[in-house]
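Chain and residue survey
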Amino acid sequence: MDKTPKTAIRGMMLYVIALLVLGILAGAAYTIYGHPADPSERPAAETIPQKATAPQ
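Residues numbered from 1 in each chain as written. Predicted model: local features only at pLDDT ≥ 70, side-chain atom pairs only at ≥ 80, totals over all residues. Heavy atoms only, no water.

Identification of the protein chain as Tfp pilus assembly protein PilE from Rhizobium leguminosarum is taken from an unreviewed UniProt entry.

See the structure below:
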């Protein structure tokens, strides 16, 4: 079998590293900008009406 060319291995390594860097940047951006700017805004879970309990 032929050995894998070093350029292909380098390309795959660069691809994986680029994905990791993009994931870290996206996580940081969500952490900083993903929260509502107005702290008085109610969370979405509080706006969902709760079902009444069934009568016994």
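**As for the overall build of the protein chain**
Test applied: Numbering of helices and strands runs from the N terminus, with a helix taken as a DSSP run of H or I at least four residues long and a strand as a DSSP run of E at least two residues long. When accessible area is computed with a 1.4 Å probe and restricted to protein chains, residues below 20% of their type maximum are described as buried, those above 50% as exposed, and intermediate ones as partly exposed. Every accessible area reported is derived by Shrake-Rupley at a probe size of 1.4 Å, with residue values counting cover from the shown protein chains alone.
Within the protein chain one finds 2 helices and 0 strands. By the burial criterion, 0% of the 56 residues in the protein chain qualify as buried. Looking at the protein chain as shown, the accessible area adds up to about 5800 Å², and 68% of this sits on carbon and sulfur atoms.

**Observations concerning a nonpolar patch on the surface**
Condition: Each patch is assembled from residues with relative accessible area greater than 30% and no salt bridge, linking like charges that lie within 9 Å and nonpolar side chains (Val, Leu, Ile, Met, Phe, Trp, Tyr) that lie within 5 Å. When a carboxyl oxygen of Asp or Glu lies within 4 Å of a side-chain nitrogen of Lys or Arg, that pair is called a salt bridge.
A surface patch of nonpolar side chains, amounting to about 700 Å² of accessible area, comprises I9, M12, M13, I17, V21, L22 and L25. Relative accessible area serves as the criterion here: at 53%, M13 is assigned to the exposed category.

**Considerations on helix α1 (residues 6-33)**
In plain terms, the rule: For a helix, the expected span equals 1.5 Å multiplied by the number of residues minus one.
The terminal C-alpha atoms of α1, which comprises 28 residues, lie 40 Å apart, in line with the 40 Å expected from a rise of 1.5 Å per residue. In terms of residue burial, α1 counts as a barely covered element, since only 0 of its 28 residues are buried.

**Some remarks on the UniProt feature "transmembrane region" (unreviewed entry) in the protein chain**
The following threshold applies: UniProt positions are given in the numbering used here, feature names are shortened, and annotations may be inferred rather than shown by experiment.
Here the UniProt-annotated "transmembrane region" (unreviewed entry) positions come out as residues 12-33. The distance separating the terminal C-alpha atoms of residues 12-33 is 31 Å; by composition the span is 100% helix and 0% strand.

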